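Close look at the chain arrangement
Listed below, chain by chain, are the residues.
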Amino acid sequence: MNPRRKKRLSIILAISIGLAAVIGLVLYALSQNIDLFYTPSELVEGKGPDKVKPEEGQRLRIGGLVVPGSVLRDQQSLKVAFKLVDNGGHLVTVEFDGILPDLFREGQGIVAQGTLKNATTVEAFEVLAKHDENYMPPEVADATNGMHFKPEYTEAQLKGAKQ
């Protein structure tokens, strides 16, 4: 092989190795930003035909309906815990430390992003509520097809609304 071909081959080889390294680093960076969507039933039973369950500490999104009467607020901080349910009937607890959206309420469809704390608890860093009566994210709509909670108000709430 003459020196000119050897030089061309080494340049092409160096460019190929550099390109492969850049592609590998980009794919590695993107894989850490992927949040898989789960419903409460998929989180408990597993997702797909292989029934794959997420690992503790894994980032994920979970969507479902907030169970009426399950919202527990800490009086000393912004911490809130509530339960989500879907058609499968499994309950998952979501813990959130922050200000909930204005449209958040019991019986409402929500999506929470966070990390899996244990098999049935998600520590959320973001909670999203649907913005009107007609819209719900497709994944949540499929998971809660036909489910609806009628809001029940206490006498104090009804009295406060009339004033």
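Everything below is about the structure shown above.
Rules behind the numbers
- Residues numbered from 1 in each chain as written.
- Predicted model: local features only at pLDDT ≥ 70, side-chain atom pairs only at ≥ 80, totals over all residues.
- Heavy atoms only, no water.
- Phe/Tyr/Trp six-rings, centres within 6.5 Å; stacked < 30°, edge-to-face > 60°.
- Lys NZ or Arg CZ within 6 Å of the ring centre and 35° of its normal.
- Helix = DSSP H or I, 4+ residues; strand = E, 2+ residues; numbered from the N terminus.
- Polar contact = N/O pair within 3.5 Å; in protein donor to acceptor, adjacent residues only side chain to side chain.
- Contact = heavy atoms within 4.5 Å.
- Core = buried A, V, L, I, M, F, W, Y, C linked by side-chain atoms within 4.5 Å.
- Buried < 20%, exposed > 50% of the residue type's maximum accessible area, 1.4 Å probe, protein only.
- Expected span 1.5 Å × (residues − 1).
- Pairing = 2+ DSSP bridges.

**What to know about the packing of aromatic side chains**
In this description, an aromatic ring pair is defined by two values, namely the gap between the centres and the angle between the planes. Throughout the structure, instances matching the rule amount to 1 aromatic pair. Across from the ring centre of Tyr-38, 4.9 Å away, lies the NZ or CZ of Lys-47, which sits over that ring.

**So, the side chain of Ser-41**
Within the secondary structure, Ser-41 sits in helix H2 (residues 40-45). At a separation of 2.7 Å, a polar atom in the side chain of Ser-41 contacts the side chain of Asp-86. Here Gly-88 takes part through its backbone nitrogen, which lies 3.5 Å from a polar atom of the side chain of Ser-41. Among all residues touching Ser-41, those that are not within four sequence positions of it are Gly-46, Asp-86, Gly-88, Gly-89 and His-90.

**Quick word on the nonpolar core**
Residues Leu-43, Ile-62, Phe-82, Phe-104, Ile-110 and Val-127 are the most contacted members of the largest nonpolar core, which totals 20 residues. The set of elements that each furnish at least two residues to this core consists of strand E2 (59-66), strand E4 (79-85), strand E5 (92-97), strand E6 (109-118) and strand E7 (121-129). Ignoring sequence-local partners within four residues, the contact set of Phe-82 consists of Val-66, Ser-70, Val-71, Val-92, Thr-93, Val-94, Leu-100, Phe-104, Ile-110 and Val-127.

**Regarding helix H1 (residues 3-31)**
The end-to-end C-alpha distance of H1, which contains 29 residues, comes to 42 Å, matching closely the 42 Å that a straight helix rising 1.5 Å per residue would cover. Counting buried residues in H1 gives 0 out of 29 residues, a small share hidden from the surface.

**Some points on the pairing of E7**
With 4 bridges joining them, E5 and E7 adopt parallel strand pairing. Within the sheet, the bridge partner assigned to Val-94 lies in E7 and is Val-122. With 8 bridges joining them, E6 and E7 adopt antiparallel strand pairing. Within the sheet, the bridge partner assigned to Gln-113 lies in E7 and is Glu-126. Hairpin connection of E6 to E7: 2 residues between the antiparallel strands.

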